[in-house]
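Read off the chains here:
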Amino acid sequence: MKKYLISSKRVLLDVFHITPASTILVVLYMLFVAMIPATLTILYEKLFSSISNINNNYLNTTILIGLLICLVYFIRYIFQSAYAVAMNARIYEKVSFSSKVTISEKASDLNLIDYENPSRMNLKGIATDCVNQSKISQFFMNIVGISTGLIGLTSTTIVLSRYSIYFLPIVIISVLPYLVSRIIRGKAFYCIREAQIPKLRMQNYIWSLLLDKQSVKEIKVMCSHKYIGDMWTNPRNEINDEIWSHRKKDSFVLLLCDLFRIFSYALSIFFALILLKKSVIGIGVFGACISAFLSMQQQFKDLLVGIGEATEQIQFINKYYEFLDLQVLPDGNVVKSDINHGINVSNVSFAYPNTGDVLKNISISIEKGEKIAIVGENGSGKTTLAKIILGLYQPKDGSVQYDDIDINKLSKDSKYNLLCSVSQDFVKYCLTYRENIAISDTASMDNTEKILNTIAAVGNKGVLEKINIDDLLGTEFGGMDLSGGEWQKTAIGRAVFKESQLIVFDEPTSALDPIVESDILTLLLNVMSNVTSILISHRTGVCRFVDKIAVLSKGELVEYGSHQELLHLEGYYYKLFTEQQQWYK
Amino acid sequence: MKIKSIVQNLIIVMKYTRWLFFLKIFEVIISSLAKPFALLITKNVIDNSIGYYKGNTEIQTVVFSVVLLVICTFFSANIQSLDSLINEKMKIVLSLNFSKNIIQKASRIEYACFEQNDNQVLFQGMGTNSSDKIFNLFTYLCETIGGCLTIIGLVLVFIQISWWMSLLFVLILFVVMFFDFRAMETMNTMFNNQTMDERLLSYYSKVMEQKNSIMELKIYNAVGYIKEKLNIKSSNVVDERTKTTIRAQRFSFVGSVLVLVWVGTLITILILSAANGKITFGLFVSLIGSAESVLWYTENLSFSFSKLSQNYLEMKYYSDFMDLPEEKRKQNDVDVSDDEVCEVSFENVSFTYPNSIKPVLNDITFSYRSNQSLAIVGDNGSGKTTLIKLLCGLYKPDKGRITINNVDIDELDYKDRTRYFSVIFQDFIKYKLTIRENVAISDVERMDNDDELYAVLDDIGFSLENYDLEQSIGKLYDNGVDLSGGQWQRLAISRALFSNSRFIILDEPTAALDPVAESNLYKLFKKIIQQRGYIMISHRLASARLCDKILVLNNGSIIEQGSHDELMLNSGYYNKMYTKQSEWYK
């Protein structure tokens, strides 16, 4: 319960913070609307009383009251236009858009290892759903609706009980069962929905297979349509069955509630009739209370629907805030602008969430300016080791030091200023060519000369014959698509542009044709020649040109030394190298 | 367009849900007519009650009218429980019958359609549950119809007071609808104009939320750069929406004022008629009460109407989807002689992608038998993968023909072709399913054949030490595991091996493998080659060297073909590539 209150308070504050004026406007409007039934009851009572014992003297008063009623409507509908704008464009649109931004910001802030953690990614998924389905705005509207609804109901009840205190019990009796059932309904449905999330996700995934060009190709060729199609249909049927059996029960509850409500409506009319017969109330009150009963019941219903929805929404909202509150590693405070001596990896062990150790007790020291290659089988931990050296992952045991300073003590900005990496799945930004290069050092975004030099240095001038430096790349937004080699050179260009102290290249040439591959390997060695650098590659051929080679096997460092040294050892590296070499003899 | 979509929607819903459709329509009519009817009954209740109070009416009459009111109220506002039940059932029935249709259609669409960007937009528009969207449109339609009926009923009630007021109301209603429509158009135009911006926004978010890109951005200290782009774009979009909403709201405002003026006049007339005794007290009370409902129902009608005009596009997605060209169905069974050795030949095959002018393949002629191995090498973009796509029938050649044992492959369907080819493309599917399914998807009939599954995985060196065949892969499941690139590649190759096809076609099979695994794989291929034909696209010329025949493609033409030794003697392009690569190992 306390959690609910905290989340509610956060939603109110957040929405107010995002769009203060509209928040106030919406609250005022809803308060006004909630008070209308009470106001109208008073006015109707006066109107009906004067009509029922009409004589011409009272006609003016009667018309005056009629005009007052019109005025209430008038204010409401004038006010409503402003409200509609505030609600749609601000409470819904603006809040949704800024929550989306908040989620992206938080996601970019997470520790990289969280991306390997299924439960955290799940949480992120729910938080994203929460925002995409405007749950925050809906919840806000519901809170306001519930609060103002309560005020409205109280006011109408007070007005009615001034005519006769007996109206009070009728009002209360008609609400209670509805309230209880609503709360149960809200939760039960949420539980079903939550239990269905994995199935729904599966369904979405299967659907994407059926229409994605990449997968359709294979599904067609393998004729596996029927199998995949069934995988979509079967969970769908299960989901439907579950929802249906819930709905059946739910509708029954709803039906009982409705019957009860109508019954109490009839009861209240009879009750009013008895009061009328006994002359406790006049004809005016009698007429007024009949419409008051209806609008009160409507208000009750809205209120309870609101509460039901809110209890469902708050589950999402709690997850949303839980995601935003995920811990990130504290930033260090040491600022370092150079690596003067080298990098020291000592006794590093590492495990991903839910896995055994991927790296075991690894120690390497890299001197300033050294070129290192990391080789090993698939899954031997090469990329993981590189990520630890880059400070992207935290080792479980051991430490990584740049010149005797533990990298965790460095401030993030200063740490990342020192280093750079080009990974296997480097990003092909659908931005301009300029941005694709200078994204690695956004402060120099406008330094066209430097960008042009970089493009020339990585041998990518050919691209500039086809497009301008400020043209978009990537077909997604109508830009130009580059060939595999051109993209690769662009990614390497980013690393060159940054002029960092340490560069890591991770499998940079996996899908290139022989001539381009050769070009790029040469280019890489060139780039590496004047900076501390690490190269991960399956092409053991390049190892001849680096200073030292770290050979990993099943997470352990099995050999470490220069090409010649390791060949003499005739160990694991020797096997790797000769295995590849024999194909070219 | 709009009317056509709506009619189409009705037909679909009727076709797939049958009696439920009529039940729903019946329910809509009853519940919407019950609302104005309730007004008349309320009048009776009040008149009778006052009669009872004055001693003119029997208590039974009062009870009778109250019971009527209860029934009427039940049908008007409170039929919801029934309504939601009908809706849910219709939704389920629709999704069962209709989705089957969609899935079947999806399987028949020509492959070329999937590679067109327009169609990708179409698929996105359809969403995951297209039947739900169709049904939602139907509900908006029902609401609009119901709203109209209620208002017609109200108009009839008001005729009792004054016929010209009723007429005026109808006129005003048309004006209101017109303005609402204008408001909708304004909003829809804006939404359409903003689709690009929204795609950009989600692109920026994606870059900030994906593992590989966020890693890069962190290292470049460029998270802030993208964040700023996202923020600026986001607030621009919101500002424009606010402005447009205000503009659109002006239209609705005019409508509201008109209705208000009418309601004001109504109240005045009511008071005057009541004062003159022209109408009973009961009618006066119930109609005064209804003045607000008039506002409310008009508003509701506008709302459902706007929903309707917002969503009718969904139908267009659906009909466009159903109109996508389908593969030609096989006319008659073709007999392909089942010789020990199969021969595939390309005869003067040329091909240009749709919407493109540059031919990808130019006059390709070669033939190849299933007791050989074939390597296709060449630069990126030289047409290697396209050649495979033609061979599998994903595209048809513009000129020339491709045959298997002298039968044009165009006369075979995919099912027939699976007997001959199993293909693993470079971007093969990494099914987030079980290991079993990942392998046996190439021949689902043998899905339960554990022995063969184990054998194939063992051959390829996929270690089952840590998991069994039922292990799920990927983050869709709590217990799902992640595989490395190399493991995936092995799994995909097992998929090709598992099928009993005559040829195995592999596009870049070793890109993510380490040297030892690569080497082992080549040895394995040698073993397979003895039983089956084997075509491989590779940049690792070492693997090409092992094949009996090598095709060298350049700009869509075969520039050299022959064995490794022949090509090396040739000192042409192949020789150049090979020398470049082997330099690293000297």
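No experiment lies behind these values; they were computed from the predicted model shown.

## Some thoughts on the overall build of chain B
Across its full length, chain B holds 22 helices and 10 strands. Taken against the 2.2 N^0.38 rule, which gives 25 Å for 586 residues, the C-alpha radius of gyration of chain B at 35 Å runs more than 25% over that of a compact globule. Out of the 586 residues in chain B, the part that is buried amounts to 56%. Taking the contacts inside chain B whose residues are at least 6 apart along the sequence as the reference set, 74% of them involve residues at least 24 apart.

## Overview of the packing of aromatic side chains
Residue and element names in this part refer to chain B. As enumerated under the stated definition, the model contains 37 aromatic pairs over all chains in all. Measuring from centroid to centroid gives 5.9 Å for Phe135 and Phe138, while their planes differ by 40 degrees, and the two rings are tilted. Of the two residues, Phe135 and Phe138 are both situated in helix α7 (residues 130-159); the distance of three residues between them amounts to about one turn of the helix. Each member of the pair, Phe135 as well as Phe138, is classed as buried. Ring geometry for Phe351 and Tyr395: centres 5.2 Å apart, planes at 50 degrees, overall tilted. Linking Phe351 in strand β1 (residues 343-351) with Tyr395 in the loop between α14 (384-391) and β4 (399-404), this pair joins segments that are 44 residues apart in sequence. With relative accessibility at 5%, the residue Tyr395 sits in the buried group.

## Focus: the interface of chain B and chain A
Facing the 169 residues of chain B at the interface are 157 residues of chain A. At the surface where chain B touches chain A, the tally comes to 12 salt bridges. One salt bridge in this structure joins Glu209 of chain B and Lys124 of chain A, with 3.2 Å as the shortest N-O distance. Across the contact surface, chain B and chain A share 42 residue pairs in polar contact (both at pLDDT 80 or more). When residues of the side of chain B that touches chain A are assigned to their parent elements, the largest contribution, 26 residues, is made by helix α11 (residues 223-275) of chain B. Residues that form the side of chain B that touches chain A fall into these classes: 90 nonpolar, 39 polar and 40 charged.

## Quick look at the sheet that holds strand β1 (residues 342-351) of chain A
Residue and element names in this part refer to chain A. If you walk across this open sheet you meet the four strands as β2-β1-β4-β5, and the pairing is antiparallel. A strand with exactly one partner marks an edge of an open sheet, and here the two such strands are β2 (357-367) and β5 (405-406). Sheet topology note: the β1/strand β4 (residues 397-402) ladder contains five bridges and is antiparallel. Of the residues in β4, the one forming a bridge with Ser346 is Ser399. Relative to the sheet, helix α10 (residues 382-389) contacts β1, β2 and β4, its axis offset from that of β2 by approximately 55 degrees.

## Observations regarding unusual backbone geometry
Residues and elements named next belong to chain A. A positive phi angle is found at Cys223, which is not glycine, with a value near 55 degrees. Backbone geometry places Ser279, a non-glycine residue, at a positive phi of 60 degrees. Summarising the element assignment, Ser279 is placed in the loop between α8 (225-277) and α9 (283-324).

## Topic: the environment of Lys94 of chain A
Examined against the element boundaries, Lys94 of chain A turns out to sit in helix α3 (residues 59-109). Here Lys94 of chain A falls in the partly exposed class, since its relative accessible area comes to 24%. For the pair formed by Lys94 of chain A and Ile18 of chain A, sequence separation is 76 residues and the distance between their alpha carbons is 7.6 Å. Each residue touching Lys94 of chain A, except ones within four places of it in the same chain, is listed here: Ile18 and Ala89 of chain A together with Val238 of chain B.

## Brief notes about the confidence of the model for chain B
When pLDDT is averaged across chain B, the result is 85; 97% of the residues are at 70 or more. As scored by the predictor, the complex reaches a pTM of 0.84 and an ipTM of 0.86.

## A closer look at the pairing of strand β6 (residues 421-424) of chain B
Residue and element names in this part refer to chain B. Side chains Phe421 and Val423 project from β6 onto one buried face, and the interleaved Ser422 and Ile424 project onto a second face that is buried too. Pairing analysis gives four bridges linking β6 to strand β7 (residues 503-507), with the strands arranged parallel. Each bridged residue has a counterpart across the sheet, and for Phe421 the counterpart in β7 is Phe503.

## Comments concerning helix α15 (residues 484-498) of chain A
In an α-helix there are 3.6 residues to a turn, and that puts residues three or four apart on one side. Residues and elements named next belong to chain A. End to end, α15 covers 22 Å across 15 residues, agreeing with the expected 21 Å (1.5 Å per residue, within 8%). Of all 15 residues that make up α15, 13 are buried, and the element is covered over most of its length. Count one or two residues on from α15 and you reach Glu499, which has phi positive near 50 degrees.

## What about the nonpolar core?
In this structure, Tyr73, Tyr402 and Phe505 of chain A together with Phe284 and Phe321 of chain B are the most contacted members of the largest nonpolar core, which totals 363 residues. With 19 residues, the top contributor of residues to this core is α9 of chain A. What Tyr402 of chain A contacts, discounting residues up to four positions off in sequence, is Lys336, Ile339, Gly342, Ile343, Ile389, Leu390, Ile407, Leu410, Leu418, Leu419 and Leu502 of chain A. Counting residues in hydrophobic clusters, the runner-up holds six residues, among them Ala183, Met190, Ala248 and Phe251 of chain B.

## Examining the pattern of salt bridges
Enumeration according to the criterion identifies 39 salt bridges over all chains in this entry. Ionic pairing is found between Arg369 of chain B and Glu343 of chain B, a salt bridge with its closest N-O pair at 3.8 Å. Of this pair, Arg369 of chain B sits in strand β2 (residues 361-369) while Glu343 of chain B is found in strand β1, placing the two residues 26 residues apart along the sequence. Connected through shared salt-bridge partners, Glu93 of chain A together with Glu198 and Arg241 of chain B make up one network.

## Points about the sheet that holds strand β6 (residues 419-422) of chain A
Residues and elements named next belong to chain A. In spatial order, the strands read β6-β7-β8-β3-β9-β10; together these six strands make up an open sheet with mixed pairing. At either margin of the open sheet sits one strand with a lone partner, and together these are β6 and β10 (556-561). Ignoring which end each strand starts from, the neighbouring axes of this sheet average 15 degrees apart. When strand β3 (residues 371-376) meets strand β9 (residues 548-553), the two strands line up parallel, connected through five bridges. Counterpart to Ala373 in the pairing with β9 is Ile549.

## Quick word on the packing of α8 of chain A against helix α3 (residues 59-76) of chain B
The interhelical angle for the contact between α8 of chain A and α3 of chain B, taken along N-to-C directions, is 150 degrees, at an axis separation of 10 Å. In terms of their interaxial angle, α8 of chain A and α3 of chain B are classed as roughly antiparallel. Judged by the twist between their axes, the crossing of α8 of chain A over α3 of chain B is right-handed. Residue-level contacts link Leu255, Leu259, Ile262, Tyr265, Ala266, Ile269, Phe270 and Leu273 of chain A of α8 of chain A to Ile59, Val62, Val63, Val66, Leu69, Val70, Thr73 and Phe74 of chain B of α3 of chain B. Residue composition of the contact of α8 of chain A with α3 of chain B, grouped by class: 15 nonpolar, one polar and no charged.

## Things to note about a nonpolar patch on the surface
Residues and elements named next belong to chain B. Together, Trp19, Leu23, Phe26, Ile30, Ile59, Val63, Val67, Ile71 and Phe75 make up a nonpolar patch on the protein surface, roughly 790 Å² of accessible area in all. Every element with two or more residues in the nonpolar patch is listed here: α2 (19-54) and α3. Looking at the nonpolar patch, the element that brings in the most residues is α3, giving five residues. Along the chain, the position of Leu23 falls in helix α2.

Thresholds, definitions, all that
- Residues numbered from 1 in each chain as written.
- Chains lettered and ligands numbered in written order.
- Predicted model: local features only at pLDDT ≥ 70, side-chain atom pairs only at ≥ 80, totals over all residues.
- Heavy atoms only, no water.
- Helix = DSSP H or I, 4+ residues; strand = E, 2+ residues; numbered from the N terminus.
- Rg over C-alpha atoms; globule rule 2.2 N^0.38 Å.
- Buried < 20%, exposed > 50% of the residue type's maximum accessible area, 1.4 Å probe, protein only.
- Contact = heavy atoms within 4.5 Å.
- Phe/Tyr/Trp six-rings, centres within 6.5 Å; stacked < 30°, edge-to-face > 60°.
- Salt bridge = Lys/Arg side-chain N within 4 Å of Asp/Glu carboxyl O.
- Polar contact = N/O pair within 3.5 Å; in protein donor to acceptor, adjacent residues only side chain to side chain.
- Nonpolar A, V, L, I, M, F, W, Y, C, P; charged D, E, K, R; others polar.
- Pairing = 2+ DSSP bridges.
- Axes fitted to C-alpha atoms, helices over the stretch in contact; angles between N-to-C directions.
- pLDDT = per-residue confidence, 0-100.
- Expected span 1.5 Å × (residues − 1).
- Core = buried A, V, L, I, M, F, W, Y, C linked by side-chain atoms within 4.5 Å.
- Parallel < 35°, antiparallel > 145°, perpendicular 65-115°, else oblique.
- Left-handed = near helix turned anticlockwise from the far one by under 90°.
- Patch = residues over 30% accessible without salt bridge, like charges linked within 9 Å, V, L, I, M, F, W, Y side chains within 5 Å.
- Areas by Shrake-Rupley, 256 points an atom, 1.4 Å probe, with all protein chains shown as cover.

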